[in-house]
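Architecture at a glance
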Amino acid sequence: MNVINRVQIFRKKKKMTQEVLANKVGVSRKTIVSLEKGNYTPSLLLALQIAEVLEIDINAIFYLGKE
Amino acid sequence: MKKIIFEQTGNIIMILLTTLGMIQTVLTATVTEEPFSFSFEFGIFWFLLIGWLIIFGIARFLYGKKKNNEGYSTKKGEFSTQDEREELISIKASLFTFKMLIPLWIVLLLLCFGLSLLFTDIKIFQTTVIGILGGSLIISFLTYLITWIALDSKG
């Protein structure tokens with residue numbers, strides 16, 4: 001099982017750059033890049049912060065996938 | 001990534017100069033038993049080390065104060081992190097370095113044992129052991145650095 005995220009989709013809907021999102025949640029842009037590529041699974045705290053910034057329910061952004 | 005390269009480069013130079021200083025001192029040291037006297041040369045490498053410690057110390061202080069320093073902290077050094085992803089990278093790099101060092105030190109221990117039986121000249125043995133220990137420290141700094149860069153680039 002792995003965590004799938006739709007951060008990139010919701011970020012683009014919000015017309016937000018990776019840099020802006022990174023600054024708002026207090027991480028580096030590289031972390032957002034890594035997260036969107038699916039190479040990094042964020043902590044619950046970071047996931048909640050991203051959901052809050054993007055104003056989307058956390059379950060719509062992050063969900064379990066079978067791989 | 002820059003902060004780790006900065007810190008590890010400084011550490012490697014520091015250990016290199018320390019090792020060379022020790023080797024030079026050992027090679028120039030003379031001990032006589034009757035009457036007891038001891039002398040050694042405070043060689044160029046110790047002066048270079050002092051100079052490097054001052055330069056590196058100032059550079060670390062300034063880098064720590066700099067804005068946009070990727071979360072570099074003089075207290076944490078090579079374990080400085082900007083966010084949770086870098087924390088994970090730091091942990092993984094430390095673990096890999098530890099796993100690499102244990103077998104290396106076992107090999108080096110056996111090597112020192114073997115050399116102690118072979119070498120008849122005590123000075124050659126002393127400098128070899130210092131070189132081996134200094135070298136293993138440099139290898140550990142390099143391993144951490146390369147692992148950190150590799151993990152960071154993977155993202």
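Analysis parameters
Residues numbered from 1 in each chain as written. Chains lettered and ligands numbered in written order. Predicted model: local features only at pLDDT ≥ 70, side-chain atom pairs only at ≥ 80, totals over all residues. Heavy atoms only, no water. Helix = DSSP H or I, 4+ residues; strand = E, 2+ residues; numbered from the N terminus. Rg over C-alpha atoms; globule rule 2.2 N^0.38 Å. Buried < 20%, exposed > 50% of the residue type's maximum accessible area, 1.4 Å probe, protein only. Contact = heavy atoms within 4.5 Å. Patch = residues over 30% accessible without salt bridge, like charges linked within 9 Å, V, L, I, M, F, W, Y side chains within 5 Å. Areas by Shrake-Rupley, 256 points an atom, 1.4 Å probe, with all protein chains shown as cover. Salt bridge = Lys/Arg side-chain N within 4 Å of Asp/Glu carboxyl O. UniProt positions renumbered as here; feature names shortened; annotations may be inferred.

This part covers the overall build of chain B. Looking only at helices and strands, chain B features 4 helices and 2 strands. Starting at the N terminus, the α and β elements of chain B follow one another as α-β-β-α-α-α. For chain B, the C-alpha radius of gyration of 19 Å lies well beyond 15 Å, the compact-globule estimate for 155 residues. By its C-alpha atoms, chain B is 60 × 35 × 20 Å across when sized along the principal axes. Buried positions account for 37% of the 155 residues belonging to chain B.

Here we come to helix α3 (residues 29–37) of chain A. Listed as buried for α3(A) are A:T31, A:I32, A:V33, A:S34, A:L35 and A:E36. Elements that come into contact with the buried residues of α3(A) comprise β1 (2–5), α1 (7–13), α2 (18–25), α4 (44–54) and β2 (62–65) of chain A together with α3 (84–118) of chain B. One or two positions beyond α3(A), positive phi appears at A:G38, with a value near 85°.

Residues and elements named next belong to chain B. Together, V31, F36, F38, F40, F42, F47, I50, I54, I58, F61 and L62 line one region of the surface with nonpolar side chains, adding up to about 1,200 Å² of accessible area. Looking at the nonpolar patch element by element, the count peaks at 6 residues for helix α2 (residues 44–65). Residue placement: F42 occurs in the loop between β2 (37–39) and α2. Classification of F42 as partly exposed rests on a relative accessible area of 42%.

Residue and element names in this part refer to chain B. The feature "transmembrane region" (unreviewed entry), as given by UniProt, occupies residues 12–32, 44–63, 100–119 and 125–151 in the numbering adopted here. Segment residues 12–32 splits into 81% helix and 14% strand. End C-alpha atoms: 35 Å apart. Along residues 44–63, the helical share is 100% and the strand share 0%, with 28 Å between the first and last C-alpha atoms.

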